[in-house]
Amino acid sequence: MIKNLNLVVILVLMGWTSVSWSQATITGIVLDENDFPIPSVNVTVEKKNIGVVTDFDGKFSIEAERGDVLKFSYLGMQSQTITVMGSQPLTIAMQTDQMQLEDVVVVGYGTQKRADVTGAIGSVNNENFNKGLVTNPGQLLQGKVAGVNVSVVSGEPGATQDVIIRGVGSLRSGTTPLYVIDGFALDNSSTGVATNPLNFINSQDIEKIDVLKDASATAIYGSRGANGVIVITTKNGKTDKAQMDLSVTSGFSTLANKVDVFSADEFRQQVVAVGGTLDDGGANTDWQDELTRTAFSQNVNFSLSNTSDNFSYRASLGVNDQEGILKSNDLKLYSGRLNLMQKAFNDHLRVEYNLTANRIENSRADAQSIVGNMLQLNPTTPVYTNGKPTLLENMLNPFTREEIYSDEAVNNRILANIAPSIKIVKGLTYKLSLGVDYSSTNRDIQYKPYSLLEDYTNGSLNSIYTTNKNTLVENTLTYNFFKNKHNFTFLVGQTYQETYEEQKSFRMEGFSDNGVDPKYQDQIGGESTPTYMDTYAVKNELQSFFGRLNYIYNDKYLITATMRGDGSSKFGENNKYGYFPSVALGWNIMNEDFLSASSVVTNLKLRASWGKTGNQEIPSKITKLSYTDSKDDNDSYPINGDESSIEDYPYGTIFTRLANPDIQWEVSTQADIGLDFGFFNNRLTGTIDYFNKVSENILLEVTPADPVQPTDKYWTNIPDMEIKNSGVEFSLDYNGNFSNNFTFNIGGNISYTNNEVVDSPYEVLTTGAAQGAGQTDATINGNLNGEAIGSFYMQEFMGIGDDGLSILSDDRRVAGSALPDIIYAFYVNLKYKNFDLGINFNGVSGDKVYNHTAMSLFTKGLLASNFNTTDIVTQYENEDITNSNTVSTRYLEDGDFLRLNNTTLGYNLRPELLGMGDLIHNIRFSVTGQNLFVISKYSGFDPEINSNLTIDGIQTFGIDYFNYPKTRTLLFGLNISF
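Residues numbered from 1 in each chain as written. Predicted model: local features only at pLDDT ≥ 70, side-chain atom pairs only at ≥ 80, totals over all residues. Heavy atoms only, no water.

Draft legend 1. Quick look at the overall build of the chain. The secondary structure content of the chain amounts to 11 helices and 53 strands. Compactness check: the chain gives a C-alpha radius of gyration of 33 Å against a globular reference of 30 Å for 978 residues, within 12% of the reference. For the chain, the residues scored as buried account for 51% of the 978 residues in total. Of the contacts made within the chain by residues no fewer than 6 positions apart, 70% connect residues no fewer than 24 positions apart. Entry remark: accessible area of the chain is about 44100 Å², with carbon and sulfur atoms responsible for 53%. Positive and negative side-chain charges in the chain, numbering 73 and 113 respectively, have mean positions lying 11 Å apart. (Helix = DSSP H or I, 4+ residues; strand = E, 2+ residues; numbered from the N terminus. Rg over C-alpha atoms; globule rule 2.2 N^0.38 Å. Buried < 20%, exposed > 50% of the residue type's maximum accessible area, 1.4 Å probe, protein only. Contact = heavy atoms within 4.5 Å. Areas by Shrake-Rupley, 256 points an atom, 1.4 Å probe, with all protein chains shown as cover. Lys, Arg positive; Asp, Glu negative; His and termini not counted. Charge placed at Lys NZ, Arg CZ, Asp CG, Glu CD.)

Rendered as structure tokens:
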């Protein structure tokens, strides 16, 4: 009986145990490699609809059965699984997944795993940036992201660049993308420095750049997202111990390519051959050599950083001293940055602080005049006569110009933002961001008095003072909710941004020739020094409300919905607010059961998106009425009857701008479908996207159809007019190895974009016009209905007639576009033991370049007058010296090119070989070449060109007008980490 009772008890206990283990509560804690708890780790029971998230102390509690498999996943960590064997508490130690960390994408007001992204976003980490002499972020990106055309259009240090994402979507000059640095949106207005306003960012401080391309990614920025968004993330402390990094580079730049003008001996022959009288100075001067130099550069950066559980910092100082190949041209950047992060109250409070302070000293040469001189001056004329610059007839010797001309600007800029965030309850975080970007610039452009040439006897001074201030206040609430297979992220926010720009300009003439620079002379004012003053001030405000929902089901199905409302002071009362929605869907196909066991497919995601974005890059005040007082023409008339001249007339009030409260935003509607893929354990990865972007409500300043109007022009949206951009982007990357010591990475990207202006009511909106005597305002290119922006519209050159003059077609025609159809890049990276080699190419195809420089300088008549030219003037023997150059296809050339943009050879020296392993982490030596060669048919300095001119606010593309020549650079670098 007792035995039977015991058996019954045992069976009951076994049954109780079985029942209890059918649904037990498993508890535990999740730690990182430093034994610190990790909050918000996803804990799921595989193959079951059960999941929880760790709390702020890294603890969790979940219902599971014996034999169940628990999966632990967290952004930036390697996922782990563990089989439930008992009820004892678990301690899970997660390891950092560096590959996954690099796959974190910065989106508007947050971050996402690459696998969860539904928009078209291209990312470049700092190890993949273009190396070498870099003065602004655009250079880091050239050729790195499909669909992003970064044109370095000038060889001047720190020159302005054209950055165009997925085609030109506006007729005006507002095609620059929005730049966001550590969450702070920059203003694209001029800071008073003639070079790129982004030069203040030290490229050595940049960790990563994310390019938001489609409307799903950019709609969160609403009225500023139509041209794409470039998000820059700066470096923070990474390691759990103090680290210091020192980098030093030094190198030199030379003229990359000469224009093939006549040598002195050829010149002597050709002047006589065309019927001119040779003015032989007896020299053999190569003016391109004489007026350029070997330009030296030095770049020194030092940083120190550290991180711990609750605090991290990184501080850096940098000096970039770069000479231009034209004399009297230098750019110096002094930069300092401090990034801090502090956590408190068990990570409930987190404060991030970013500060950058910079000083730019920019000395510029009179580049257009110097470029004209180096190509046109008589090569038989000596540079110096009796130790002084040779006097030239009716023009300055360029060496004299260097002595009397200067253009110097000093810019001081501070960008600071602080962002405290509070975890209110589990999953809910409030974040406040406060930021200010302040800039002030003093620029002096002067000519010293020069009595030997009439136009320069008095000297001149133009002093320009510019102040910019950009303040930002943002409030956001983010709520993360995870239950079972459902993952929600809600974001709502409000921002207020105010920008202010002020400029005062004073021009004075008539200074004493006393050896003192005009800017240092005291005699200002009076009849001998007439003064002209110009001032303006602009304040703009932008208030916004936005929200975003991200939903993920079972790591397979993704949806993102965004809405933003922007209110801008730039627009009229009737259209003060604009609304910009977007929606995107994603399907992680690789997580489906039919692919989960695949050894070939490791990533496969289909994306589709639609949305609207805006463009508020328009002049301020254009919706408001403006008038002035005047006595010109018919603006005034006599009232008293005793007036003897117009000076006695009273001032009349006239309109200078009409009010238009109905002006609307330019709006771009974009659809995108894309596929991300990875094969063979992600050795082969890539993306392919098709996009279609339509911009409407095109805003222009136009001439009224009715000639009887109070003003010559007025601002309005053009009804029905559209700008269409559609295309395909493709990128591919492969990582492989020949052995354990020899690895390689090869890849590239290519994009095709079709640009078209549709339903334009105008025959042609001129974007580029000729300049110079007898040529001014003749149309070179423009916007025509049914054609691409920047289409060259001109007469066809058909040869030289019997009279020795040009034969041109009767009508103008479209002869190509300044915008390339195809942009592409490819690269090879090799690593063998401690050596590495990176080679980067980029190119474009399908565009044209108008050689305005050749049209202005290279004529047979000028050659006969002892000005140098190229052999273009000898192509037609019967061409008469009286034949003048006019705008025609004679000077329109192919702009296709392939460039070896960047090559770096590096060697990592192990510090232990020097007996310094305990002190130094790494020593790296490198040699970098930039712009090593270009394959092109273009006859000018470089086919990647643009004069950055505008006509009535409409931007110009593809015209070479005495542009600053490109350089070839060789740099030597040393990096030490300790």
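What follows picks up the thread again.
Draft legend 2. Inspection of the sheet that holds strand β5 (residues 69-73) at higher detail. Reading across the sheet, the four strands line up as β3-β2-β5-β6 and stay open at both edges, with antiparallel pairing between neighbours. Looking along the sheet, the strands with just one partner apiece sit at the ends: β3 (50-53) and β6 (80-83). For this sheet, the mean inter-axis angle between neighbouring strands, taken without regard to orientation, is 20 degrees. Relative to β6, β5 runs antiparallel, the two sharing four bridges. (Pairing = 2+ DSSP bridges. Axes fitted to C-alpha atoms, helices over the stretch in contact; angles between N-to-C directions.)

Draft legend 3. Local environment of the environment of N475. Residue position: N475 is located in strand β26 (residues 460-483). Dropping the residues within four chain positions of it, N475 is found in contact with Y430, K431, L432, V492, G493 and Q494. In terms of polar contacts, N475 uses its side chain to reach the side chain of Y430, at 2.6 Å. (Polar contact = N/O pair within 3.5 Å; in protein donor to acceptor, adjacent residues only side chain to side chain.)

Draft legend 4. Fine view of the confidence of the model for the chain. Of the residues in the chain, 93% have a pLDDT of 70 or more, and the chain-wide mean is 88. Below a pLDDT of 50 lies the segment residues 1-21, which in the model reaches eight contacts outside its immediate sequence neighbourhood of four places, other chains included. (pLDDT = per-residue confidence, 0-100.)

Draft legend 5. Expanded view of the side chain of D116. The residue D116 is located in the loop between β9 (110-113) and β10 (121-125) in this model. The side chain of D116 is buried and forms no salt bridge, while K113, the nearest opposite charge, is found at 4.2 Å. Non-local contacts of D116, meaning those with residues more than four positions away in its chain, are made with I552, L558 and K605. (Salt bridge = Lys/Arg side-chain N within 4 Å of Asp/Glu carboxyl O.)

Draft legend 6. Up close: the pattern of salt bridges. Inspection of the entire model under this criterion finds 40 salt bridges. D689 is the salt-bridge partner of R607, the closest N and O atoms lying 3.0 Å from each other. With R607 in strand β31 (residues 601-615) and D689 in strand β35 (residues 684-696), this residue pair connects regions lying 82 residues apart in the sequence. Across this residue pair, the class does not change: R607 and D689 are buried.

Draft legend 7. Structural detail: the pairing of strand β27 (residues 486-509). Examined bridge by bridge, β26 and β27 share 24 bridges and lie antiparallel to one another. Bridge pairing in β27 places T466 opposite Q503. Joining the antiparallel neighbours β26 and β27 is a turn of two residues, in which N484 adopts a positive phi near 55 degrees. Of the strand pairs in this sheet, β27 and strand β28 (residues 531-553) are connected by 23 bridges, and their pairing is antiparallel. Looking at the pairing, Q497 lines up with L542 of β28.

Draft legend 8. Region of interest: helix α5 (residues 264-273). Listing the buried residues of α5 in full gives A264, F267, R268 and V271. End-on, the buried residues of α5 take up no more than an arc of 100 degrees, which puts them together on one face. Exposed and facing more than 90 degrees away from the buried side of α5 are Q269 and A273. Next to the buried residues of α5 lie α11 (860-864). Taken from the residues just after α5, G275 is the one with a positive phi, measuring 95 degrees. (Arc of directions from axis to C-beta.)

Draft legend 9. Quick look at the pairing of strand β38 (residues 722-739). Relative to β38, β35 is paired through 12 bridges, and the arrangement is antiparallel. Within β38, the residue paired with Y690 across the bridge is V728. Relative to strand β39 (residues 742-758), β38 runs antiparallel, the two sharing 17 bridges. Bridging across to β39, F730 finds its partner in I750.

Draft legend 10. Quick look at a nonpolar patch on the surface. On the surface, Y557, W587, F594, L606, I673, I688, Y690, V728, F730, L732 and I750 cluster together to form a nonpolar patch covering roughly 940 Å² of accessible area. The set of elements that each furnish at least two residues to the nonpolar patch consists of β35 and β38. No other element matches the three residues that β38 contributes to the nonpolar patch. Relative to the assigned elements, V728 resides in strand β38. (Patch = residues over 30% accessible without salt bridge, like charges linked within 9 Å, V, L, I, M, F, W, Y side chains within 5 Å.)

Draft legend 11. How the structure looks around the packing of aromatic side chains. Counted by the stated rule, this structure contains 28 aromatic pairs. Members of the aromatic cluster, joined through ring pairs, are Y479, F481, F488, F490 and Y551. Over the ring of F200 we find R413, and its NZ or CZ is 3.8 Å from the ring centre. The ring of F897 carries the charged tip of R899 above its face, separated from the ring centre by 4.9 Å. (Phe/Tyr/Trp six-rings, centres within 6.5 Å; stacked < 30°, edge-to-face > 60°. Lys NZ or Arg CZ within 6 Å of the ring centre and 35° of its normal.)

Draft legend 12. Highlighting the sheet that holds strand β1 (residues 24-31). Spatially, three strands are ordered β4-β1-β7 in an open sheet, and the strand pairing comes out mixed. Of all strands in the sheet, those with a lone pairing partner are β4 (59-64) and β7 (90-93), marking the two edges. Between one strand axis and the next, the sheet turns through 35 degrees on average, direction left out of account. Both β1 and β7 contribute to a ladder of four bridges, which runs parallel. Paired with I29 across the strands is T91, a residue of β7.

Draft legend 13. Expanded view of the nonpolar core. Judged by nonpolar contacts, the single largest core of 60 residues is most densely connected at L375, Y850 and F858. Secondary structure elements with two or more residues in this core: α5, α7 (367-376), β36 (699-702), β42 (791-800), α10 (852-857) and α11. By residue number, the principal contributor to this core is α7, which donates five residues. Here Y850 is in contact with I780, F792, M794, M855, T886, V887, S888, Y891, L892, G958, I959 and D960, once residues within four sequence places are set aside. (Core = buried A, V, L, I, M, F, W, Y, C linked by side-chain atoms within 4.5 Å.)

Draft legend 14. Highlighting the environment of L31. Mapped onto the fold, L31 is located in strand β1. On the accessibility criterion, L31 (14% relative accessible area) is buried. Through-space distance from the C-alpha of L31 to that of G917 is 30 Å; in sequence the pair is 886 residues apart.

Draft legend 15. Region of the structure containing α7. Across the 10 residues that make up α7, a large majority, eight, are buried. Where the residues of α7 are buried, they touch α6 (287-290), α8 (398-404), α10 and α11.

Draft legend 16. A look at the environment of G493. Along the chain, G493 falls in strand β27. For the pair G493 and D116, spaced 377 residues apart in sequence, the C-alpha separation works out to 21 Å. Once residues lying within four places of it in the same chain are set aside, the contact partners of G493 are N475, T476, S544, F545 and F546.

Draft legend 17. Spatial organisation of the side chain of T285. Note that T285 resides in the loop between α5 and α6. If near-sequence neighbours (up to four positions away) are discounted, T285 is found in contact with E290, P379, T381, P382 and V383.

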